[in-house]
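Next come the chains, spelled out residue by residue.
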Amino acid sequence: LPSVLCLGDCQLQTPCRIQKCTTDFVSLTSHLNSALEGFDLEFCKALRAYSACTYRNSKVCRGNLVYHSAVLGISDLMSQRNCSKDGPTSSTNPEVTHDPCNYSGPTEAREHQGGEKAHPTTYLFCGLFGDPHLRTFKDHFQTCKVEGAWPLIDNNYLSVQVTNVPVVPGSSATATNKITIIFKSYQDCTDQKVYQAVTDDLPAAFVDGTTSGGDGNTKSLRIVEKVSGKYVEMHAKYIGTTVYIRQLGHYLTLAIRMPQELVMAYEESQDLQLCVNGCPSTERIDDSGHLPLPVMGRLLPQGGAAHPWSVYTLETATTKCHEKILVKDIYFYSCVFDLLTTGDANFTAAAYSALQDVEALHPRKEHWHIFPSDGGGGVGKGSKFFVGLGLVCLILVVFL
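Let me begin by describing the structure that accompanies this report. Note that the structure is a prediction, hence the values are computed from the model and not measured.

**Examining the pattern of salt bridges**
Here's step 1: A full pass over the atoms with the stated rule returns 8 salt bridges.
Here's step 2: Here Asp-40 makes a salt bridge to Arg-81, at a shortest N to O gap of 3.2 Å. With Asp-40 in helix 3 (residues 39-56) and Arg-81 in the loop between helix 4 (65-80) and helix 5 (107-111), this pair connects stretches of sequence that are 41 residues apart.
Here's step 3: Of the residues examined, Asp-40 reaches a relative accessible area of 39% and is grouped as partly exposed.
Here's step 4: Assessed through its relative accessible area of 35%, Arg-81 is described here as partly exposed.
Here's step 5: Across the pair Asp-139 and Arg-135 runs a salt bridge whose closest N-O atoms are separated by 3.0 Å. Across the pair, Arg-135 and Asp-139 agree in class, each one buried.

Next up, the structure:
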């Protein structure tokens with residue numbers, strides 16, 4: 001009887017600390033970016049630390065529903081991330097090991113670390129591909145001519161400039177053949193680094209020949225070559241930013257994910273940013289989302305190389321695009337428009353890759369697909385564009 005009484009008394013003196021386990025796990029994972037390499041490794045380490053904490057509290061928490069929910073949740077997350085139960089664990093004092101060159105969210109959240117009201121980081125996405133088609137940080141979709149050099153992004157941390165050239169004579173459509181990115185110097189995390197890509201020269205290094213920024217093993221900024229000469233990624237963990245650049249055919253595409261807090265860190269004089277405010281109205285090819293009838297796709301010689309003449313009809317362009325893009329969203333319709341405008345099948349791959357980049361970098365799955373009826377831009381509303389285009393194709397076939 002005394003031992004039973006002691007056991008009861010001891011349990012009263014040792015409360016269930018499942019809330020502390022959960023708080024530590026949130027602190028260990030809140031700064032992680034799923035778009036960066038190494039995410040799964042760090043997330044699994046934090047999960048194992050969480051699991052160990054719940055195990056230490058198993059006796060005193062056995063009647064606590066929150067505890068049992070946490071145990072089930074840990075098991076599910078381990079299965080989803082293919083985490084092994086055995087392995088290294090994260091430090092249980094994450095606030096002590098904060099890395100100033102690893103972006104951990106809005107300034108307010110960092111200053112009140114551990115507070116329950118700290119808001120998670122909001123990430124924004126911008127992409128440019130094709131003729132070119134622009135998806136802004138506000139998820140507005142536009143098609144623009146913007147011939148020459150234009151700033152996509154120009155804030156206190158990053159500058160991105162693209163140069164666009166005409167695709168075919170007689171059309172206002174252009175495509176990107178040069179991208180220049182400046183990662184501005186930031187505290188002790190990195191010196192200024194400049195990256196430049198042009199058609200047929202997509203390097204896996206900055207212009208100074210280096211492949212990373214930051215001292216020692218920090219590598220707070222680095223370039224990863226995914227496909228030689230065709231696809232590179234840039235990971236700037238000190239500003240929580242990821243950039244993808246691809247070459248498809250003769251032209252370049254770009255996709256970027258960046259924290260909203262940093263996207264909006266710019267002066268009034270820097271307001272000409274296509275990713276932030278879209279294209280000027282005088283540069284837009286579409287009219288409130290409606291694309292004009294394209295040139296009926298003649299592919300002209302470029303750079304001295306002889307290409308076969310090619311003409312796509314609405315039917316053949318639709319079939320070609322549907323081979324890659326199954327959902328008839330704005331990326332599908334942009335693909336059709338590009339084929340009819342240029343006759344260059346590489347634009348099909350560009351639209352498909354652009355959608356892949358959205359799925360990899362855009363933080364909100366429900367916003368991956370944009371449909372014309374959404375009013376956010378794109379190829380017309382309803383079927384008016386395609387009905388009209390189909391009639392023109394039919395007339396051309398009859399009279400030619």
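There is more to say, and it comes next.
**What to know about the packing of aromatic side chains**
Here's step 1: Taken as a whole and judged by the stated rule, the model has 12 aromatic pairs.
Here's step 2: Ring centres of Phe-25 and Tyr-50 lie 4.8 Å apart, and the angle between their planes is 20 degrees; on these two criteria the pair is classed as stacked. In this pair, Phe-25 is assigned in helix 2 (residues 18-29) and Tyr-50 in helix 3, connecting sequence segments 25 residues apart.
Here's step 3: We classify Phe-25 as buried; its relative accessible area is 10%.
Here's step 4: Residue classification places Tyr-50 among the buried residues on the basis of a relative accessible area of 9%.
Here's step 5: Between Phe-129 and Tyr-331, the ring centres sit 5.5 Å apart and the planes meet at 20 degrees, which makes this aromatic pair stacked. With Phe-129 in strand 1 (residues 123-129) and Tyr-331 in helix 9 (residues 330-342), this pair connects stretches of sequence that are 202 residues apart. As far as burial versus exposure is concerned, Phe-129 and Tyr-331 are alike and both buried.
Here's step 6: Taken together through their ring pairs, the aromatic side chains of Phe-25, Phe-39, Phe-43 and Tyr-50 make up a single cluster.

**Looking at helix 4**
Here's step 1: Along its 16 residues, helix 4 runs 23 Å from first to last C-alpha, staying within 8% of the 22 Å computed at 1.5 Å per residue.
Here's step 2: Within helix 4 the residues assigned to the buried category are Tyr-67, Ala-70, Ile-74 and Met-78. The arc that holds the buried residues of helix 4, viewed along the axis, is 65 degrees, so those residues lie on one side. Residues of helix 4 that are exposed and angled more than 90 degrees away from the buried face: Leu-65, Leu-72, Ser-79 and Gln-80.
Here's step 3: The secondary structure elements touched by the buried residues of helix 4 are helix 2 and helix 3.
Here's step 4: With a side-chain oxygen lying 2.8 Å from the backbone nitrogen of Val-66, the N-terminal cap of helix 4 falls on Asn-64.

The rules behind these values
Residues numbered from 1 in each chain as written. Predicted model: local features only at pLDDT ≥ 70, side-chain atom pairs only at ≥ 80, totals over all residues. Heavy atoms only, no water. Salt bridge = Lys/Arg side-chain N within 4 Å of Asp/Glu carboxyl O. Helix = DSSP H or I, 4+ residues; strand = E, 2+ residues; numbered from the N terminus. Buried < 20%, exposed > 50% of the residue type's maximum accessible area, 1.4 Å probe, protein only. Phe/Tyr/Trp six-rings, centres within 6.5 Å; stacked < 30°, edge-to-face > 60°. Expected span 1.5 Å × (residues − 1). Arc of directions from axis to C-beta. Contact = heavy atoms within 4.5 Å. Polar contact = N/O pair within 3.5 Å; in protein donor to acceptor, adjacent residues only side chain to side chain.

That's the geometry; what it means functionally is another story.
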